[in-house]
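# Fold and contact review
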Amino acid sequence: MLSKKPVLIILSIITAMFLWVYVTGNVDPDTKSKVSNITVNLVNTEELANQGLAVSNEDELTASTVITGKRSVVNKIKYNGIKATVDVGKAQKGENELPLEFEVPAGVSIDNSVVPSVNVIVEDRISKTVPVNVVFTGEDKVNLKPWATEIWPETVTVYGASSLVNKTVAAEAVIDAADAETAARNISADVMAVDKSGKEVQGLAYDRDSIMVTVQLLESKDVGVDIKTKGLTSRYRVSDITGIETVTVLGTAETLKNIDSITAYADLSEIKSGGVTNVKVEPDLPYGVYLPGGIKQKAKVTIKVAD
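What you are looking at is a predicted structure, and each value in this text was computed from that prediction instead of being measured.

## Examining the overall build of the protein chain
On a plain count of helices and strands, the protein chain comes out with five helices and 20 strands. Radius of gyration (C-alpha) of the protein chain: 33 Å, far over the 19 Å computed for a compact globule of 307 residues. Taking the principal axes of its C-alpha atoms as reference, the protein chain extends roughly 130 × 50 × 30 Å. Residue burial in the protein chain is summarised as follows: out of 307 residues, 34% are buried. Look at the contacts in the protein chain between residues 6 or more apart in sequence, and 74% of them connect residues 24 or more apart. Taken as a whole, the protein chain presents about 18900 Å² of accessible surface, with 50% of it coming from carbon and sulfur. For the protein chain, the distance from the average position of its 32 positive side-chain charges to the average position of its 40 negative side-chain charges is 4 Å.

## Describing the packing of aromatic side chains
One pair of aromatic rings is described through two measures. These are the centre distance and the angle between the planes. Counted by the stated rule, this structure contains one aromatic pair. An angle of 45° between the planes, with centres 6.2 Å apart, marks the rings of Trp-147 and Tyr-290 as tilted. Here Tyr-290 lies in the loop between strand S19 (281-284) and strand S20 (299-305) and Trp-147 lies in strand S8 (residues 145-152), a separation of 143 residues in the sequence. For Tyr-290, a relative accessible area of 21% translates into the label partly exposed.

## A look at the environment of Asp-111
In this fold, Asp-111 is placed in the loop between strand S6 (109-110) and strand S7 (117-137). By relative accessible area, which is 30% here, Asp-111 ends up partly exposed. A C-alpha to C-alpha distance of 7.4 Å links Asp-111 and Thr-68, two positions 43 residues apart in sequence. Apart from the residues lying within four places of it in its own chain, the contact partners of Asp-111 are Thr-65 and Val-66.

## Focus: unusual backbone geometry
Cis geometry marks the peptide bond from Trp-152 to Pro-153; its omega dihedral reads -10°. Within the secondary structure layout, Pro-153 lies in the loop between S8 and strand S9 (155-161). Residues other than glycine seldom take positive phi values, yet Asn-44 does so here, at roughly 65°. Relative to the elements of secondary structure, Asn-44 occurs in the loop between strand S1 (30-43) and helix H2 (45-50). According to the relative accessible area criterion, Asn-44 is partly exposed, its value standing at 25%.

## Comments concerning the pattern of salt bridges
Where charged atoms of side chains with opposite charge meet at close range, the side chains can pair. By the definition in use, this model includes six salt bridges. Of the charged contacts, one joins Lys-70 and Asp-30 as a salt bridge, the two residues approaching to 3.3 Å between their closest N and O atoms. Here the residue Lys-70 occupies a position in strand S3 (residues 62-70), and Asp-30 occupies one in strand S1, the gap between them amounting to 40 residues. For Asp-30, a relative accessible area of 55% corresponds to the exposed category.

## Section: the sheet that holds S20
Judged by pairing direction, the sheet is antiparallel, and its three strands sit side by side in the order S15-S20-S18 without closing on themselves. Only two strands of the sheet have a single neighbouring strand rather than two, namely strand S15 (236-242) and strand S18 (275-279). The sheet shows a mean angle of 30° between the axes of neighbouring strands, direction not considered. Alignment of S18 against S20, held across five bridges, turns out to be antiparallel. Residue pairing across strands places Asn-278 opposite Lys-300, the latter belonging to S20.

## What to know about the side chain of Gln-216
By the element assignment, Gln-216 lies in strand S14 (residues 210-230). Apart from the residues lying within four places of it in its own chain, the contact partners of Gln-216 are Lys-145, Pro-146, Trp-147, Thr-149, Ala-180, Glu-181, Thr-182, Ala-183, Ala-184 and Thr-252.

## Notes on the environment of Asp-87
As for its position among the elements, Asp-87 is in strand S4 (residues 83-87). Through-space distance from the C-alpha of Asp-87 to that of Leu-100 is 7.9 Å; in sequence the pair is 13 residues apart. Leaving out residues up to four positions away in the same chain, Asp-87 has contacts with Val-43, Asn-44 and Leu-98. Within polar-contact distance, the side chain of Asp-87 engages the side chain of Asn-44 at 3.0 Å. At 2.9 Å, the side chain of Asp-87 forms a polar contact with the backbone nitrogen of Gly-89.

The rules we used
Residues numbered from 1 in each chain as written. Predicted model: local features only at pLDDT ≥ 70, side-chain atom pairs only at ≥ 80, totals over all residues. Heavy atoms only, no water. Helix = DSSP H or I, 4+ residues; strand = E, 2+ residues; numbered from the N terminus. Rg over C-alpha atoms; globule rule 2.2 N^0.38 Å. Buried < 20%, exposed > 50% of the residue type's maximum accessible area, 1.4 Å probe, protein only. Contact = heavy atoms within 4.5 Å. Areas by Shrake-Rupley, 256 points an atom, 1.4 Å probe, with all protein chains shown as cover. Lys, Arg positive; Asp, Glu negative; His and termini not counted. Charge placed at Lys NZ, Arg CZ, Asp CG, Glu CD. Phe/Tyr/Trp six-rings, centres within 6.5 Å; stacked < 30°, edge-to-face > 60°. Salt bridge = Lys/Arg side-chain N within 4 Å of Asp/Glu carboxyl O. Pairing = 2+ DSSP bridges. Axes fitted to C-alpha atoms, helices over the stretch in contact; angles between N-to-C directions. Polar contact = N/O pair within 3.5 Å; in protein donor to acceptor, adjacent residues only side chain to side chain.

Structure below.
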């Protein structure tokens, strides 16, 4: 019996090897698969910036490739994605067809029968200073509205391709309404560039990563509007003025307690003749009182030549 043990051990090892070959070859065979919609990352963008240039279509850059490897690994890669990069350091202004590089784990190969590339558009790199807008998400608490009483800084500077910078109108900071309380509190918030429709403008750099916002839950109150004029020369006089009569303002209960109306001014310094004109009005708010959205309705002013 003892003399058979080495033989049995050898047979067991051979059987295990055959099983391993069978399993790996049949249960987890080699396979080839296409991976699409791969996000392309830019490298050496600082070299472009040093030349006064920037990529304008970074958010549109995607790629596809064919990979070969064990089915389990290939499926995992398709689920987790592939890292693709393109070196833009030597790109020139205009369209550039640049080669792509893919990063895959050991045991997986890229089909290089066709050299993968991507079209990168390069423009002049410019900057622009835009206002910061705070947007609250989530539901307001009953009878209270979250508000940014202070924003620091009130502007940020964006840098990037001219077409992207030119369509940027503001930098938006998004804050959860649930983070606001009746007592003022400071919150650090990231900013993102947005266009006039509120859509994010990607592919830009900023002069700072975040801003500081003082947020507070405030009460609302409907108050009257006293429209006054300024800047009109002595040659003319206002015979009639009509416009928005009430607005909803925000503030603490103590601040709003004695406020029943606010003053808004119509600037008539550009008036050069008599007649009826529609003029934008700007509110003159007491300290601690806020008017969401300002006054959009213009005042209708009738102007006559002074006697």
